[in-house]
Each structure stands twice: as structure tokens, then as C-alpha cells.
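# Descriptive structure summary
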Amino acid sequence: MRSPTEFRKGKPGFYPDQAVYAEFAAAEFGLTFRDLDGGSGLIFSIASRDRLLHFGAGRCSWYPQNNATASTLASDKFFASRILRDAGVPALGGEYFFLHDRHRAHRPAGHERSDAIACFKALGGSAFVKPLTGARGDFAQAVHGEAALVRYLDAVMQYYDAVLIQPIVDGTEYRVFLLDDDALYCARKRPPFISGDGVRTFRELLTAHNDALRARGLSPASLPDHDPTLDTVPANGERREIPGRMNLSAGGTMVLADGPSEQAIVLARQAARAIGLRVAAIDMFVDIGGQPDSMQVIEVNSNPAIRLLEVSDRGDLILKIWHHTFSTMGLL
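Figured I'd write up the structure that's included with this text. (Residues numbered from 1 in each chain as written. Predicted model: local features only at pLDDT ≥ 70, side-chain atom pairs only at ≥ 80, totals over all residues. Heavy atoms only, no water.)

Let us now look at the overall build of the chain. Helices and strands together make up the secondary structure of the chain, namely ten helices and 14 strands. Since a compact globule built from 332 residues should have a radius of gyration of about 20 Å, the 21 Å found for the chain is in line with a globular shape. The principal-axis extent of the C-alpha atoms belonging to the chain is close to 60 × 55 × 45 Å. Within the chain, buried positions represent 47% of all 332 residues. Put simply, 65% of the contacts in the chain that link residues at least 6 apart link residues at least 24 apart. Per element, the accessible surface of the chain, about 16100 Å² overall, is 51% carbon and sulfur. One finds the centroid of the 36 positive side-chain charges in the chain at a distance of 3 Å from the centroid of its 39 negative side-chain charges. (Helix = DSSP H or I, 4+ residues; strand = E, 2+ residues; numbered from the N terminus. Rg over C-alpha atoms; globule rule 2.2 N^0.38 Å. Buried < 20%, exposed > 50% of the residue type's maximum accessible area, 1.4 Å probe, protein only. Contact = heavy atoms within 4.5 Å. Areas by Shrake-Rupley, 256 points an atom, 1.4 Å probe, with all protein chains shown as cover. Lys, Arg positive; Asp, Glu negative; His and termini not counted. Charge placed at Lys NZ, Arg CZ, Asp CG, Glu CD.)

Next comes the structure, spelled out in C-alpha cells:
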């Protein structure tokens, strides 16, 4: 078996993972891959002898075996949490608030920016806030203090229409990737970190980290600006975690790991079934507050990225995912 990395060679840095893995799987299963946009990888076809299907990367549903309704509901973090809770699945929940007056006549009262301030105060002036339909960890962060929330909302409204405000939860984060009811793999998630070089201060290292995030179209990470330790020079190799989002795209780390418990796998299956997804990655907190049996679903992802499998040299699992896709869609 060839590796996905071989199919990435020679392609531009922006070339989508989805197209790389589709070409890799097509070659392995004797199907024909064609890039339809001059080498961008954003739209491509896969063909067997008697059937041809089109696929998209970028802002597109990557897994056609997920129906459009289920995928759309999963992409709205409030809708998804309401569906989960209605099904008896413990989920973080939260409240949504719009940042613009557009379409105000089409929504009920209680979800405007002023209401967000009131909700934040009710949570004690600290909360985890993220765009309602965001991805890749963009603008997902803990916010402390009303002034910080106002600055946060001012920044987010340039890119998004609404946010979700949730209580801050202390737990260990895992991802469970499901194909139908099969838990294909689990991963432990950890926050991003900056690593000392013996020359630059933590503040300078954080600036470089944030410049890299902005170049990828993501919001910068934040640490308390008044923290005097930011102006110290860490030793070469000394690490400092950046709490909050743990997405790979935002600099977080994920490592393949055994599932935290059978109960967690059951919870993931219940969440995917409740939304109606055949392919899903369920992010959850376990051991909440140090309680081994306490767990809640954070998000249900209908378009989960699988770069972790490439960097973990698990091309076999990438092939299992694409075999499921090709078989479901009648290409195999």
C-alpha cells in the first residue's frame, strides 16, 4: 500500500487533504480520480467503470453518505445540542446570540447582542464563546470579564453572524470517530503550546504563533495580557500551553488513544444516531470536575478532518473511511 504522503508530493501547500485522500483511496481501489479545477483540488470526480460521482473539498460536505439535513443540523452548534438533549444525550448546550440587526424580524426576542451580555453576567462573568457555525476552532475561546467579551464580540462580528455562549467546563477532551456504529478510532485532545528558543520572550513567541494562525485564516490565541511571565525568556524547549481550543488546525495536538471508557463510546454512538449521521466525529469531555462517570458531548462534527491519521501513519484507516464512502455511493 502506498502512503497518502506520496500523493501529497508535488502539490501546492493549499491543496486540500480531502482531495489527497480521495486520490490515494481511488488508486488503492482501482477507481479513477480527476481534479476538475485546474489543480486546486476543490472539486474532483471519482469514477468506476459504470458510475461517476463529484466530490468537493473546502466549504463542502465531505461525506456524501451523510444526508444534507443531518449535516446542516450538526453544523449549527445550538441546534445540535438541542437535538442531543431531547434524545437524552448529555451535551454542553449554551445559548445563541446574533451580532447584527439583519433579519431581526425573522427571529424571536432574547437573542440579541445585549442579551449576550446578560447571559454572560449570569454565568459569573466567565464563559466559553465560539461562533455558532464556526469550524477549525476559529474564535473559540474562554472569555473573562465583560470588557473582554465586548472586544471579543466586536472582533467576531466581522466574520460571523452569531455566537454560542457556554459555561466553562473542566474535563479531559476526546474525539470518537464513527462509521455507522463502528468506533474507527479515538483520540486524546490537548491544547496548543508555544516552545521556548532561549532568545524570544513568551510574548514574542505567542505573536509568532498568532501570525501563523492568521495566515491560515484563523483567529489569534490569547493569554492574559497583564501576565508578567509573558515578558520572560523561556529556556530552549520549555513549553507553555495555550488553554482553550484544541483543534489541530489551531495548533492543538491529538494523539490516537484507547477510548476513555465503553460508556464514552456508547455516548458517541447515541449522539451520532440522534443527529442522523453515518460518519461523525464526536468531541466530548470526560472526567468532568474529576468525576470519572461525568461526561458531556461538546460538538458533533459531520465533516471531520482526518489529517491525524496521515501524521500517525494510519493510511489503513483513511482507506476504511473512503471504502465506506465509495461503497455507500455505489462506486464499489
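That shown, we press on.
Attention shifts here to the nonpolar core. Ranked by size, the top nonpolar core spans 36 residues in total, and within it Ile46, Phe177, Ile306 and Trp322 carry the most contacts. Contributing elements (two or more residues each) for this core: helix 2 (17-29), strand 2 (43-47), strand 3 (52-56), strand 8 (172-179), strand 9 (182-190), strand 13 (279-286), helix 9 (307-311) and helix 10 (315-328). Tallying contributions element by element places helix 2 first for this core, with seven residues. Apart from the residues within four sequence positions on either side, Trp322 is in contact with Gln18, Tyr21, Ala22, Ala25, Phe29, Phe44 and Phe55. Membership of the second largest hydrophobic core comes to 25 residues, among which are Ala91, Leu267, Leu277 and Met284. (Core = buried A, V, L, I, M, F, W, Y, C linked by side-chain atoms within 4.5 Å.)

Within the fold, Phe33 resides in strand 1 (residues 32-35). Note: C-alpha distance between Phe33 and Arg188 (155 residues apart in sequence) is 33 Å. Apart from residues no more than four positions distant in its own chain, Phe33 is found in contact with Tyr15, Ala19, Ala22, Glu23, Ala26, Phe44, Ser45 and Ile46.

The backbone of Asp180 sits at a positive phi, close to 50 degrees, despite the residue not being glycine. Relative to the elements of secondary structure, Asp180 occurs in the loop between strand 8 and strand 9. Phi is positive for Asp313, which is not a glycine, with a value near 60 degrees. Relative to the assigned elements, Asp313 resides in the loop between helix 9 and helix 10. Judged by relative accessible area, Asp313 falls into the exposed class, the value being 65%.

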